[in-house]
Amino acid sequence: MSLQTHFIPSLIVFLLSFPSYYSLPGISKASGYDASAGRVYPWYPSTIQGRNFGSKIMSSKMGRSLAAVKTFNVNDYGAKGDGSDATEAFNNAWRAACSSSQGSVLVVPKNKNYLLKPITFEGPCKSSITVQIYGTLQASADRSAYSKDLTRWLVFENVQNLAVEGGGTINGNGKIWWENSCKVNDDLSCKDAPTALIFYNCKNLVVKNLKIQNAQKMHVSFEKCVGVEVSGLTITAPADSPNTDGIHVTRTQNIQISSSVIGTGDDCISIVSGSQKVQATGITCGPGHGISIGSLGDGNSEAHVSDVTVNGATLTGTTNGVRIKTWQGGSGSASNIKFQNIEMHNVKNPIIIDQKYCDQDKPCKSQSRAVQVQNVLYQNIKGTSSSSEAIQIDCSEKFPCKGIVLQGIDLRVGGKAAKAECNNAKIIEKGNVSPSCT
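It should be emphasised that the depicted structure is a prediction, and the values quoted were computed from it without experimental measurement.

A separate point is the overall build of the protein. Helix and strand counts for the protein stand at four helices and 31 strands. A burial count over the protein gives 50% of its 438 residues as buried. Residue pairs at least 24 apart in sequence account for 76% of intrachain contacts in the protein once pairs closer than 6 positions are excluded. Counting every atom, the protein has about 19,100 Å² of accessible surface; 48% of that belongs to carbon and sulfur.

Next comes the structure, spelled out in structure tokens:
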């Protein structure tokens, strides 16, 4: 009798505190949520290099809050999912979800197509929030709809503890923008175009399992964010689509990008000033311009990028491989950078440092100042180059590159050894390095 007295109350307490992932009220397959394929945050307990990104660690108390997650389906706010304008419905659904004191899930149902004009999902929110995109979000092709701000389409701003996932599609409908680009038609004046998906000033952020395609300009940008986990993205656009970077990282710290396939008309991943502690693993890149740090220092500006690791990538048919590019006249530094375990297949310029980068019609004037490039490791990089010079390291005379290490490099052209052109750089070679800078 004494055993029953203690055991039964303990069992009840345990059951009440156990996290309930698959019986959340209001979330069903009918609304687009597939319990077997996804998880409902909040918050996402994850670590990068031992650092907890979730601000709330899973516990029995958290289990009780998970059971109280509230669902907001965009269809309940007037979205039809038939290709008609759903901007107002999404706005209203977001406001309701963001103002909920419970953890909330915003559901975009599958097998539906939602047309959206520029929209900002703005925080701060009262609790953590998950956006489950199962259907398709399609950008308005009416360029006049972007008259207030030509640089943005979908924006998540000032949101903490946010997850965006679901396996759905974000379609930037970019063809009309590419056709009106000065990079496609020299007779046109150069104008800006929207980035398809922007995360601005977000903290504790998960973005995973999405298809992002045909962006007007860049596909997804992380700006001024802290604690970001990105995985399972498939990003595609034609090879000749202008300025369509896959993933752009600026002024962002502690971000991990993994297991993603990117093929666009510009950099697969671009990392620019203010970014620190950036990791990219399991990246498939091509077509595109490769994986780039920079450009940095344009307009004589000061730029800083540090602690970047690209470990495990396959690049195919890209116009560059792993690249650092800086403008003359800039200042600051690009330091503590590692490119490791990378396969190149028919890549032009597989390894390149260019401190004289110039992306303008008129030739750039020679300047003595430069962004300092230092402590860069290229390790276990192998494959084929489509250019005779597989390694191009062209650094500043006044600010030569320092601490450049080449280790285990084997790059060939048509079965033969490639060439290396290395200027104004202090280079250390370890093990077999072909081609060699010495």
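Moving on to the pairing of strand β26 (residues 372-385). Both strand β24 (residues 331-347) and β26 contribute to a ladder of eleven bridges, which runs parallel. Its bridge partner lying in β26, alanine 334 is registered against valine 373. Bridging between β26 and strand β28 (residues 401-413) involves nine bridges; their strand directions are parallel. Along β28, the bridge assignment pairs lysine 382 with aspartate 410.

Judged by nonpolar contacts, the single largest core of 96 residues is most densely connected at Phe90, Phe199, Ile247, Phe339 and Tyr378. Aside from chain neighbours lying at most four places away, what touches phenylalanine 339 is Ile293, Val310, Val322, Ile324, Val376, Leu377, Tyr378, Gln379 and Ile381.

So, about the state of the cysteines. Per the stated rule, a full pass over the model turns up six disulfides. Across a sulfur-sulfur distance of 2.1 Å, cysteine 98 and cysteine 125 are joined as a disulfide pair. Between cysteine 98 and cysteine 125, the disulfide has an S-S torsion of -105° and is therefore left-handed. Note that cysteine 98 is positioned in helix α3 (residues 87-98) and cysteine 125 in the loop between β7 (119-122) and β8 (129-133), a separation of 27 residues in sequence.

The next point concerns the environment of serine 306. Within the fold, serine 306 resides in strand β22 (residues 302-316). Look at serine 306 and you get buried, because its relative accessible area is 12%. Serine 306 has contacts with Ser275, Gln276, Lys277, Ser335 and Asn336, leaving out every residue within four places of it along the chain. A polar contact is formed between the side chain of serine 306 and the side chain of glutamine 276, at a distance of 3.5 Å.

Bringing the pattern of salt bridges into the picture now. Applying the stated rule across the entire model yields eight salt bridges. Among the ionic pairs, glutamate 157 bridges to arginine 152, the shortest N-O distance being 3.1 Å. Of the residues examined, glutamate 157 reaches a relative accessible area of 14% and is grouped as buried. Here aspartate 394 ties to lysine 356 by a salt bridge, and the two come within 3.7 Å at their closest N and O atoms. In this pair, aspartate 394 sits in strand β27 (residues 389-394) while lysine 356 sits in strand β25 (residues 351-357), placing the two residues 38 residues apart along the sequence. Put simply, Asp267, Arg323 and Lys325 are held in one network by salt bridges that share partners.

Here the focus is the packing of aromatic side chains. Taken as a whole and assessed by the stated rule, the structure comprises nine aromatic pairs. With 5.4 Å between their ring centres and 65° between their planes, phenylalanine 90 and tyrosine 114 make a pair best called edge-to-face. One end of the pair, phenylalanine 90, is in helix α3; the other, tyrosine 114, is in strand β6 (residues 113-116), with 24 residues separating them in the sequence. Using a relative accessible area of 2% as the deciding quantity, one classes phenylalanine 90 as buried. With centroids separated by 5.3 Å and ring planes inclined at 20°, the aromatic side chains of phenylalanine 339 and tyrosine 378 adopt a geometry described as stacked. Taken together, the residues span a long stretch of sequence, with phenylalanine 339 in strand β24 and tyrosine 378 in strand β26 at a distance of 39 residues. In terms of burial, phenylalanine 339 and tyrosine 378 fall into one category: buried. An aromatic cluster is built from Trp94, Phe121, Phe156, Phe199 and Phe222, whose rings are joined through pairwise contacts. Across the ring face of tryptophan 177, the terminal group of arginine 143 is positioned such that the distance to the ring centre comes to 5.0 Å.

As for its position among the elements, serine 100 is in the loop between α3 and β5 (104-108). Within the structure, serine 100 has its side chain in polar contact with the backbone nitrogen of glutamine 102 (distance 3.2 Å). Setting aside residues no more than four positions away along its own chain, serine 100 makes contact with Lys70, Phe72, Lys126 and Ser127.

Moving on, we get to the confidence of the model for the protein. Mean pLDDT over the protein: 88, with 85% of residues reaching 70 or higher. Confidence drops under a pLDDT of 50 for residues 1-66, and excluding neighbours within four residues, the segment shows 107 contacts in the predicted structure.

Scoring rules and cut-offs
- Each chain has its residues counted from 1, running along the sequence as written.
- Whole-chain, interface and lining totals are the exception, using all residues; otherwise, since this is a predicted model, local features are given only for residues with pLDDT of at least 70 and side-chain atom pairs are given and counted only at 80 or more.
- Here the side-chain values reflect all heavy atoms present in the structure, with hydrogen atoms and water set aside.
- Each helix corresponds to a stretch of at least 4 residues labelled H or I by DSSP, and each strand to a stretch of at least 2 residues labelled E; elements are numbered beginning at the N terminus.
- Categorising residues by exposure relies on relative accessible area from a 1.4 Å probe, with only protein chains included: less than 20% of the type maximum marks a residue as buried, more than 50% marks it as exposed, and the intermediate range marks it as partly exposed.
- Between two residues, a contact is recorded if the distance between any of their heavy atoms is within 4.5 Å.
- With residues, only the protein chains shown are counted as cover, and all accessible areas are computed by Shrake-Rupley using a 1.4 Å probe.
- One requirement defines pairing of two strands: DSSP has to find at least two bridges between them.
- In this text, buried Ala, Val, Leu, Ile, Met, Phe, Trp, Tyr and Cys residues form a nonpolar core when linked through side-chain atoms within 4.5 Å.
- We call a pair of cysteine sulfur atoms a disulfide whenever their separation is within 2.5 Å.
- Two N or O atoms count as a polar contact when they lie within 3.5 Å, although within protein this holds only if one can serve as hydrogen donor and the other as acceptor, and sequence-adjacent residues are included solely when both atoms are side-chain atoms.
- By definition, a salt bridge exists where a carboxyl oxygen of Asp or Glu is found within 4 Å of a side-chain nitrogen of Lys or Arg.
- Put simply, two rings from Phe, Tyr or Trp (the six-membered ring, in Trp's case) pair if the centres are within 6.5 Å, and we call them stacked under 30 degrees between planes, edge-to-face over 60, tilted for the rest.
- Counted as over-ring charges are cases with an Arg CZ or a Lys NZ within 6 Å of the ring centre that also lie within 35 degrees of the ring normal.
- Values of pLDDT, the confidence the predictor places in each residue, fall between 0 and 100.

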